[in-house]
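# An overview of the molecular structure
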Amino acid sequence: GSTRSDTTMLLLRTLLPAAVSSRCCRLVPPLAALASASPADAAAVRAFSMQQAAVVAAQRQRRVHRGVLGGLRMCSGGGGSALADLERDIQAQGEVVRELKAAAERDEAAIKAAVERLLALKAQLPAPVEPPPAKSGGKGGGGRGGGGKGGGGSGAAEAELSESEIFRVRLDKAQAVAAGGHTPYAYSFAPTHSSAAFAEAFDSLSPGAEDASAEVALCGRVMTKRSFGKLAFFTVQDGEGTFQLYLDKKRLGAAFRPFLDATDGGDFVGVKGGVKRTDKGELSVLVAEATLLTKALRPLPDKWKGLADVNKRYRQRYLDMIVNPRVRATFAARARITAYLRRYLDERGFLEIETPCLNAQPGGAEAKPFETYHNALGLDLTLRIATELYLKRLVIGGVERVYELGRIFRNEGISTRHNPEFTSIELYQAYADYEDMMALTEELVAGAARHVAGGTSVEYQGASIDLAPPWRRVTMAELVAEKLPQFDFFALREADGGSDAASGGEGLAAARAAAQAAGVAGAGEAPSLGELLALCFEELCEPELVQPTFVLDHPTEVSPLAKPHRTRPGVTERFELFAVGRELANAFSELTDPVDQRARFEAQAAKKAAGDEEACGVDEDFLTALEHGMPPTGGLGIGIDRLVMLLTDSPSIKDVIAFPLLRPEGQPAPKE
């Protein structure tokens, strides 16, 4: 009735202007509910609300043009109080819209009016400045780090904005800081403590206590912001951990609000002040001076959702490292592992010498190379598939202990354990054999485990792995015979006349039949007993080698650079180290007979001519070097990526390579 309409209008005229001017927008939903009691009331509410919104919009627009720089000049971090007011209004109105939509009885007219007001508020934002397109596309890594009390940055207002709008608002803040005479991209800052040193230095401070004499300076990236009127708390992250900022308006004075308004999640800040432990026990910097060091124009991923897309984690590794401390810890562990390996070898007289990545003749492994062309020299070249042959040249030249830790490139498939670009360490020791290399491998791997994991017992994907030496030693032929008792490699080889590459005969036929019955793919096409033995091992035995195991005495056909075994015909003095079902290391008593080496190379070249893309050719330059004489030598190669996977419990090789090779987003897989 008219009485109720009069009462509604009286309430509106009394409360709505106060709600708008004080930004207490949570008063609006109850008023809207009251007005919706009659069509006339609802229409009156909407008309009056839009009228008030227009008045406030005009006032705010004048403040944006007139007052934002004045507020920014109040601290080096900049601010934009009018712009911040607008962002808070947008946030509050967004909450109004959500509450109306969530109501048990939806009032579509009230929802429409609230949405119109939200759009009117957004229209008051400064003119758009489009950001450059993000290479990852979309709206970024699993969310927008918004926050307020729980987020990753600049308040819940950002949750209502698109990424381009967030970019524009943040860019405006940076430009306002610059216009106020301060740089939003500082040149330096001198901290007195890291987060870890800060925590250690003031560990004894009790809850609620303050160290009045302390003067500290810390810096880092803002991860979360929580504001409670005249108090605010930031969580800041540096390279060693996180620490809390305690921002009190009484202490910061006029700089308090501009600094809060200017900073967002992802920004770098530097602070100076005292030390306080809150009543809840949180050690904090009691901020007396705050400086914006770097303005982040894009938001961090959402605190709770994080980077859920695994491929996005790999494509935007920098974000992955920001929001996932374990990722940073993995790469720190990788650095410690490689440093340990180098230090161990350096202390034992090994020299690290770099060898060419561009090779005229690929060799040292069976792998398909990447091909390239050198314009000035007019040369077809390949990226190296191993460092072996050049390191052996150094041994021939008199460097009796040599190694290289470097990148290897193989144009092969990608999986959780294979990446086309990976890291290995290869080393060569004169006057040693593969028995010496086994002992050295145990020392290197177990020592690395103790260095980064604190012991030789490590957990990998739920399995407990014992790396304490000595490790199991077993021949490849013995392992295959455990699975296929009828495949007695040495007996079958003898039955076929003892040839290393028998292409026929009863022994090979019997072995093929046994392998095919066991489901070994490609067994029927294996050209020799040795290659069939290696194939059966890969299919039937390798996945079951969980604990560290040296697999010894590989067939001659698959080991073109290893010495023949001194007592067992048909096999070589070679071992591979396996753990958690994958190869970690490969080592030989190196072949030093140039005549035998040439015959091995020619056999590989024949395979290559027949279409085997992984077979190598004849490296005449290396043969010439070998003909000058090479001392007895033991050689060892360890896959760094797989070793790091094992010692950091990483399921995929992409988890331990900072920037793994990925197909561009949207590009389809090539046709086979």
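Structure report, in brief.

## A short note on the side chain of Arg 582
- In this fold, Arg 582 is placed in strand β17 (residues 582-589).
- Lacking a salt bridge, the buried Arg 582 has Glu 542 as its closest oppositely charged neighbour, with an N-O distance of 7.8 Å.
- A distance of 2.9 Å separates polar atoms of two side chains, one belonging to Arg 582 and the other to Tyr 460.

## Thoughts on unusual backbone geometry
- For the peptide bond that leads from Pro 469 to Pro 470, omega is 0°, which places it in the cis range.
- As for its placement among the helices and strands, Pro 470 is situated in the loop between β13 (463-466) and β14 (472-475).
- You will see that Tyr 431, though not glycine, has its phi angle at about 70°, which is positive.
- Following the sequence through the fold, Tyr 431 ends up in the loop between β11 (421-430) and α14 (434-453).
- Accessibility expressed as a relative area gives 57% for Tyr 431, which makes it exposed.
- The phi angle at Asp 649 is positive, at roughly 55°, despite the residue not being glycine.
- When you line up the elements, Asp 649 lands in the segment after α21 (640-648).
- Given the relative accessible area of 25%, Asp 649 is considered partly exposed.

## With respect to the sheet that holds strand β5 (residues 283-294)
- Here 5 strands make up a closed barrel; going around it, the order is β1-β2-β3-β5-β4 and the pairing mixed. Direction aside, the axes of adjacent strands within the sheet are offset by 50° on average.

## Section: the nonpolar core
- Counting residues in each nonpolar core, the largest one holds 45 residues, and the members touching the most others are Leu 427, Leu 444, Phe 575, Leu 636, Leu 646 and Leu 647.
- When residues in this core are grouped by element, the largest group, 9 residues, is from α14.
- Apart from residues lying up to four places away in sequence, Leu 636 is in contact with Ile 425, Glu 426, Leu 427, Met 437, Thr 441, Leu 444, Phe 575, Ala 585, Asn 586 and Ala 587.
- In terms of nonpolar packing, the next biggest core, distinct from the first, is built from 27 residues, Ala 477, Phe 487, Ala 511 and Ala 534 among them.

What counts, and at which threshold
Residues numbered from 1 in each chain as written. Predicted model: local features only at pLDDT ≥ 70, side-chain atom pairs only at ≥ 80, totals over all residues. Heavy atoms only, no water. Helix = DSSP H or I, 4+ residues; strand = E, 2+ residues; numbered from the N terminus. Buried < 20%, exposed > 50% of the residue type's maximum accessible area, 1.4 Å probe, protein only. Lys, Arg positive; Asp, Glu negative; His and termini not counted. Salt bridge = Lys/Arg side-chain N within 4 Å of Asp/Glu carboxyl O. Polar contact = N/O pair within 3.5 Å; in protein donor to acceptor, adjacent residues only side chain to side chain. Pairing = 2+ DSSP bridges. Axes fitted to C-alpha atoms, helices over the stretch in contact; angles between N-to-C directions. Core = buried A, V, L, I, M, F, W, Y, C linked by side-chain atoms within 4.5 Å. Contact = heavy atoms within 4.5 Å.

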